[in-house]
Amino acid sequence: MNKAKRLLVVMDPIDHIKYQKDTTLALLLAAKEHGFELHYAELQDLRLRDGVAEARTRPLEVRADANSWYSLGEDATSAMGGFEVILMRKDPPFDTEYIYATYILERAELAGALVVNRPRGLRDMNEKVYTAWFPQCCAPTLVTRDMEEMAAFAATHGTIVCKPLHGMGGRSIFVLTPGDKNSAVVFETLTEYGQRFAIAQKYLPEITTTGDARVLLVDGEPLPYALARIPAAHDNRGNLAAGARGVARPLSARDRWLAGEIGPALRAAGMLFVGLDVIGDYVTEINVTSPTGVRELQAQFGVDAAELLIQALDKRLADLAGTSAR
């Protein structure tokens, strides 16, 4: 009899998720349908002991039930390298604790687990800074600690967007218009008076009409639809967590070109599930840490990104098994 495939998910508390929207739950339901035995851990459950990645894990059952979507079994200490797949779905902020977790996950990867997304990629590909590897895909962008440089960037490009490098969900995003008297304090706040890097980008007015579109890539290939997040009338932010409205739409030719420029590099780096944030013709972020939008695309167009990702995992596991057998 074939040994059951074991999948460990590392995530934020499952009892706090939003059932109708949560992408991690969609991935777990799809993995269950593919015969994976599911296990659960949170960040505080991970540890390194004498170079071995271990975790306090619990068996996990998931259900398509808005009132009772999970149950957990008794906890046990497990060597993380013994799982066939580890899904790293802890949300940002991408802080030092997150980085430490990637070291533990990398030890699990070296012990034989397929970690998605790959720990080294999570460390190397900051979601805002990694756009610099694809300048042909991006609007004018500045990453700096220098407040005077940020002011000069604003003077050159007019309306700009400023944000920290470690945030998520629309937190601490500022839109500054020419002559905005808050500019200096925004630069001071984001850089902590020149002690921390921040990012400034040319404002793309398409955010108010076509929104901030999430293009999901599975193993480097884009899904046929994007989730356009349209800001609320009283807000500038195209983030669902900040009240934006999610509207699915077919990919444009430009979307496909952007995915073609970036997708192969992601695939080569072992980043199986990534979201490109696209405003107008440009990528503004490359989301490698727990990208979302799966539930909305499935509800509006019937595109099952979760199923496609689990199929990609199965293919990777088969390829790894074939390699080890030779």
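Here the structure is a predicted model, which is why all the values come from computation and not from measurement.

A.B. asks: Just to check I follow, could you spell out the overall build of the protein for this structure?
C.D. replies: Regarding its fold elements, the protein presents eight helices and 18 strands. Its C-alpha atoms give the protein principal-axis dimensions of about 70 × 45 × 45 Å. Each of the 326 residues in the protein was classed as buried or not, and the buried ones make up 50%. Long-range contacts, defined as pairs at least 24 residues apart, comprise 67% of the intrachain contacts of the protein with a sequence gap of at least 6. Accessible area of the protein: about 15100 Å², with a carbon and sulfur share of 51%. Of note, the protein has its 36 positive side-chain charges centred 2 Å away from the centre of its 42 negative side-chain charges.

A.B. asks: I'm lost on the pairing of strand β13 (residues 212–218) in this one. Help?
C.D. replies: Along any regular strand the residues' side chains alternate between the sheet's two faces. Summarising burial for β13: seven of the seven residues are buried, a large majority. When β13 meets strand β17 (residues 273–279), the two strands line up antiparallel, connected through seven bridges. When the bridges of β17 are listed, aspartate 212 appears paired with isoleucine 279. Inspection of the sheet shows β13 paired to strand β14 (residues 221–222) by two bridges, in the antiparallel sense. The partner of valine 218 across the bridge, within β14, is glutamate 221. What sits between the antiparallel neighbours β13 and β14 is a turn of two residues, in which aspartate 219 has the positive phi angle 50 degrees.

A.B. asks: It is not clear to me how the packing of helix α4 (residues 147–157) against helix α5 (residues 183–191) should be interpreted in this structure. Could you clarify?
C.D. replies: When two helices pack together, you describe them by how their axes are tilted relative to each other and by the distance separating the axes. Contact geometry for α4 and α5: axes closest at 10 Å, N-to-C directions at 135 degrees. In terms of orientation, α4 and α5 fall into the oblique class. Relative to α5, the crossing made by α4 is right-handed. Contacts between α4 and α5 involve Met147, Met150 and Ala151 from the former and Phe187, Glu188 and Thr191 from the latter. Its residues placed into classes, the contact of α4 with α5 shows four nonpolar, one polar and one charged.

A.B. asks: Looking at this structure, I do not really get the nonpolar core. What am I missing?
C.D. replies: Soluble globular proteins tend to pack their nonpolar side chains together in the buried interior. Residues Leu7, Val9, Leu28, Phe36, Leu38, Leu60 and Leu313 are the most contacted members of the largest nonpolar core, which totals 40 residues. Contacts of leucine 38, omitting those with residues within four sequence positions, involve Leu7, Leu28, Ala31, Lys32, Arg58, Pro59, Leu60 and Val62. Of all hydrophobic cores here, the second largest spans 39 residues; its members include Val10, Met125, Ile286 and Val288.

A.B. asks: Help me out: how do you make sense of the side chain of glutamate 285 in this one?
C.D. replies: Tracing the backbone through its elements, the reader meets glutamate 285 in strand β18 (residues 282–287). For glutamate 285, a relative accessible area of 10% puts it in the buried group. In terms of polar contacts, glutamate 285 uses its side chain to reach the side chain of lysine 163, at 3.0 Å. Not counting residues up to four positions away in its chain, the partners in contact with glutamate 285 are Glu127, Lys128, Thr131, Lys163, Gly275, Leu276 and Asp277.

A.B. asks: Please explain the environment of aspartate 304 as it appears in this structure.
C.D. replies: One can find aspartate 304 in the loop between α7 (294–301) and α8 (305–325). Counting along the chain gives 236 residues from aspartate 304 to serine 68, while the straight-line C-alpha distance between them is 22 Å.

A.B. asks: Sorry if this is basic, but what is going on with the sheet that holds strand β9 (residues 141–144) here?
C.D. replies: An order of β9-β12-β10-β11 is seen for the four strands of this open sheet, with the pairing classed as antiparallel. The open sheet terminates on both sides in strands that have one partner only, identified here as β9 and β11 (174–176). Neighbour-to-neighbour, the strand axes of the sheet open up by a mean angle of 20 degrees, direction not taken into account. Bridge count between strand β10 (residues 160–164) and β11: three bridges; the pairing is antiparallel. Bridged to cysteine 162 within β11 is phenylalanine 174. Contacts from α4 reach β9, β10 and β12 (198–202), with the element oriented near 10 degrees to β12.

A.B. asks: Hey, could you run me through the pattern of salt bridges in this one?
C.D. replies: Two side chains of opposite charge can pair, provided their charged atoms sit close to one another. Here the structure, examined in full by the defined rule, presents 21 salt bridges. In this structure, lysine 163 engages glutamate 285 in a salt bridge whose closest nitrogen and oxygen atoms are separated by 3.0 Å. Of the two residues, lysine 163 is situated in strand β10 and glutamate 285 in strand β18; the sequence distance between them amounts to 122 residues. A residue is classified by how much of its surface remains accessible, and lysine 163, at 6% relative accessible area, is buried. Across the pair arginine 229 and aspartate 277 runs a salt bridge whose closest N-O atoms are separated by 3.0 Å. Within this pair, whereas arginine 229 is found in strand β15 (residues 225–230), its partner aspartate 277 is found in strand β17, the two being separated by 48 residues in sequence. On the basis of relative accessibility, which here comes to 5%, the residue arginine 229 falls in the buried class.

A.B. asks: Looking at this structure, I do not really get unusual backbone geometry. What am I missing?
C.D. replies: Looking along the chain, the bond that leaves proline 92 and enters proline 93 is cis, with omega of 25 degrees. Looking at where proline 93 falls in the secondary structure, it is placed in the loop between β7 (85–89) and α2 (96–110). Note the cis peptide between valine 116 and asparagine 117, where omega equals -5 degrees. If you trace the backbone, asparagine 117 turns up in the loop between β8 (114–116) and α3 (119–124).

Cut-offs used in this document
Residues numbered from 1 in each chain as written. Predicted model: local features only at pLDDT ≥ 70, side-chain atom pairs only at ≥ 80, totals over all residues. Heavy atoms only, no water. Helix = DSSP H or I, 4+ residues; strand = E, 2+ residues; numbered from the N terminus. Buried < 20%, exposed > 50% of the residue type's maximum accessible area, 1.4 Å probe, protein only. Contact = heavy atoms within 4.5 Å. Areas by Shrake-Rupley, 256 points an atom, 1.4 Å probe, with all protein chains shown as cover. Lys, Arg positive; Asp, Glu negative; His and termini not counted. Charge placed at Lys NZ, Arg CZ, Asp CG, Glu CD. Pairing = 2+ DSSP bridges. Axes fitted to C-alpha atoms, helices over the stretch in contact; angles between N-to-C directions. Parallel < 35°, antiparallel > 145°, perpendicular 65-115°, else oblique. Left-handed = near helix turned anticlockwise from the far one by under 90°. Nonpolar A, V, L, I, M, F, W, Y, C, P; charged D, E, K, R; others polar. Core = buried A, V, L, I, M, F, W, Y, C linked by side-chain atoms within 4.5 Å. Polar contact = N/O pair within 3.5 Å; in protein donor to acceptor, adjacent residues only side chain to side chain. Salt bridge = Lys/Arg side-chain N within 4 Å of Asp/Glu carboxyl O.

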